[in-house]
Amino acid sequence: MAARAPVSGGSRLLESFRKWYYNAAGFNKLGLMRDDVLYEDDDVKEALKRLPEPLYNERIFRMKRALDLSLKHQILPKDQWVKYEEDKRYLEPYLKEVIRERLEREAWNKK
C-alpha cells in the first residue's frame, strides 16, 4: 500500500477563517476592497498618489458609494458584494515601493 502525504488541515482551516473574517468585517458589503480601508499614513498617501488614474477613480467611486450607503443605513445587494476571491490588493505594489524607498532614504540619512 502506497503512503500518502499528510493533508494540511491547518491551511484549510486558516483559509476558512480568513474568508469568514473577511465577510464579518463588513466592508465588502459596501462594495469596498481591503486596500480601500487601509489607514492612510504617509506611506499609503504617497502610494495613492502613484496609482494610475483609472485605479484611483475606481477607488474614489467605491468610497463615495460606500459613504452614501452608510448614510442611508443600507448595504449592497448580495450579488454586488466584493467576494474574498475577487478582492485584489491593487495598492500593494505601490505601497511596497514607497516603503522600500523610505527605508532606503532613512538608511542613507543615517550615514
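Residues numbered from 1 in each chain as written. Predicted model: local features only at pLDDT ≥ 70, side-chain atom pairs only at ≥ 80, totals over all residues. Heavy atoms only, no water.

- By the naming in an unreviewed UniProt entry, the protein chain goes by Cytochrome b-c1 complex subunit 7 and is assigned to Nothoprocta perdicaria.
- Under the UniProt heading Function (unreviewed entry), the entry covering the protein chain gives this text: "Component of the ubiquinol-cytochrome c oxidoreductase, a multisubunit transmembrane complex that is part of the mitochondrial electron transport chain which drives oxidative phosphorylation." (UniProt positions renumbered as here; feature names shortened; annotations may be inferred.)

### A few points about the packing of aromatic side chains
Turning to step 1, where the next piece is worked out: Applying the stated criterion across every chain yields a total of five aromatic pairs.
Turning to step 2, where the next piece is worked out: Relative to F27, the ring of Y22 lies with its centre 5.2 Å away and its plane at 85°, an arrangement referred to as edge-to-face. Of the two residues, Y22 and F27, both sit in the buried class.
Turning to step 3, where the next piece is worked out: Look at Y22 and Y84: their rings are 5.5 Å apart centre to centre, the planes differ by 75°, and that puts the pair in the edge-to-face class. Here Y84 lies in the loop between α3 (53–71) and α4 (92–110) and Y22 lies in helix α1 (residues 9–25), a separation of 62 residues in the sequence. This pair shows no difference in class: Y22 is buried, exactly as Y84 is.
Turning to step 4, where the next piece is worked out: Among the aromatic residues, ring-to-ring pairing joins F17, W20 and Y21 into one connected group. (Phe/Tyr/Trp six-rings, centres within 6.5 Å; stacked < 30°, edge-to-face > 60°. Buried < 20%, exposed > 50% of the residue type's maximum accessible area, 1.4 Å probe, protein only. Helix = DSSP H or I, 4+ residues; strand = E, 2+ residues; numbered from the N terminus.)

### Things to note about a nonpolar patch on the surface
Turning to step 1, where the next piece is worked out: There is a patch of nonpolar side chains on the surface, built from L14, F17, W20 and Y21 and spanning about 490 Å² of accessible area.
Turning to step 2, where the next piece is worked out: Within the element layout of this structure, F17 appears in helix α1. (Patch = residues over 30% accessible without salt bridge, like charges linked within 9 Å, V, L, I, M, F, W, Y side chains within 5 Å. Areas by Shrake-Rupley, 256 points an atom, 1.4 Å probe, with all protein chains shown as cover. Salt bridge = Lys/Arg side-chain N within 4 Å of Asp/Glu carboxyl O.)

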